[in-house]
Amino acid sequence: MSDPDPTRPTRPAPDSAPDPLVSVVIPTRGRPELLGETLASIVGQDYAGPLEILVVHDREEPDPGLARFSAPGREVRVLANTRTGGLCGARNTGVLASAGAFLASCDDDDLWHPAKVRLQVGRLLADPDLLAVGAGIRLLMGPDRTVEWPARQPVVPYERLLVNRVKELHSSTLMMRRSAFAKAGLYDEALPHGYGEDYDWLLRAGRVGSVGAVQEVLADIRKDVPSWFRDRSRNTAAALEYLLDKHPDLRGRRRGHARVLGQIAYARAAAGERRHAARLAARALGRYPAAPHAWLALAAAGPGLEPGRMLAAARRLGRGLS
């Protein structure tokens, strides 16, 4: 059933209960079949407590029929994005409309393993210092091709976040305390095109608290379906440039700065801005000569090599260029 006032004030549930209410926020746009599979995997959690599942339609008409996925203790609510159009506004709409002690995010094309919520709630209850936890992931690369990526560390240091995107802190793995948003803020709706919104939020959370991960593989991340960010290289570059300006700690770490500069360089090369890309790649290598993204960008900026083919090859290896 659609909600007539999706941003109505709610009274958050306490996080001291043994099986507290968990709110799951799923932004969606134009992927009804994949969304149905995502909802089924969330409704099928083996967690003993209740879930409220908020599907936030971004720049499309809400589908009240999605309430059919509801089950006892698993209410599916359908909302429209009432904030800035795009991923960040959709996520914030869900956060503000939710009532759970803990909030989890999931993309509309990914899948949760049955134990995910139970294990993450247990981890947050056991460690009150944690603001958020991720989990190990399995990348679905295509027919009969998967890559498993267990979480490396139970607690992810802020320094590692500056150097590495940390795949186990993917947006479809994160579970957060409600208080985390009071400390780190909502998703940044000024971020160009919403690219990297979860990484931006994690950098803010990592500065004010502790971030961790359940090390087991608990989510399937689809890499075999179209992404809204694929083939939009200039959008990616603009967002990464924004993040570099917003987070000066990135510039203060040679490897982290080189990584983001190299990603920007690759995105500019993919957009056909080969000279600009080569200059950025040279800057990245001056900061950290082993920066892989910068070398890829230099290769892509040269003649005779299509950036798209390089990216496809990286994805087949399960690594991508993030």
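Computed from a prediction, not measured in an experiment: that's the story for all the values here.

(A) Region of interest: the packing of aromatic side chains. Within this structure, the stated rule accounts for three aromatic pairs. Here the aromatic rings of Phe-181 and Trp-201 are separated by 5.2 Å at their centres, their planes lie at 40 degrees, and the arrangement is tilted. A residue pair is termed long-range when its members are at least 10 positions apart, and Phe-181 in helix α5 (residues 178–184) and Trp-201 in helix α6 (residues 197–208) qualify at 20 residues. Assigned by exposure class, Phe-181 and Trp-201 land together as buried. Arranged with centres 6.4 Å apart and planes meeting at 35 degrees, the rings of Tyr-187 and Trp-201 form a pair that is tilted. With a gap of 14 residues between them, Tyr-187 in the loop between α5 and α6 and Trp-201 in helix α6 connect regions that are remote in the sequence. Across the pair, Trp-201 and Tyr-187 agree in class, each one buried. Taken together, the aromatic side chains of Phe-181, Tyr-187 and Trp-201 make up a single cluster linked through ring pairs.

(B) Representation of the pattern of salt bridges. Summed over all chains, the structure comprises 20 salt bridges. With a closest N to O distance of 3.0 Å, Arg-160 and Glu-168 form a salt bridge. Judged on exposure class, the residue Arg-160 and its partner Glu-168 are both buried. A salt bridge links Lys-246 to Asp-188; the shortest N-O distance between them is 2.8 Å. On the criterion of sequence distance, the pair formed by Lys-246 in helix α7 (residues 233–246) and Asp-188 in the loop between α5 and α6 is long-range, its members being 58 residues apart. Given the relative accessible area of 13%, Asp-188 is considered buried. Via salt bridges that share partners, Asp-188, Asp-200, Arg-204 and Lys-246 belong to a single interconnected network.

Calculation criteria
Residues numbered from 1 in each chain as written. Predicted model: local features only at pLDDT ≥ 70, side-chain atom pairs only at ≥ 80, totals over all residues. Heavy atoms only, no water. Phe/Tyr/Trp six-rings, centres within 6.5 Å; stacked < 30°, edge-to-face > 60°. Helix = DSSP H or I, 4+ residues; strand = E, 2+ residues; numbered from the N terminus. Buried < 20%, exposed > 50% of the residue type's maximum accessible area, 1.4 Å probe, protein only. Salt bridge = Lys/Arg side-chain N within 4 Å of Asp/Glu carboxyl O.

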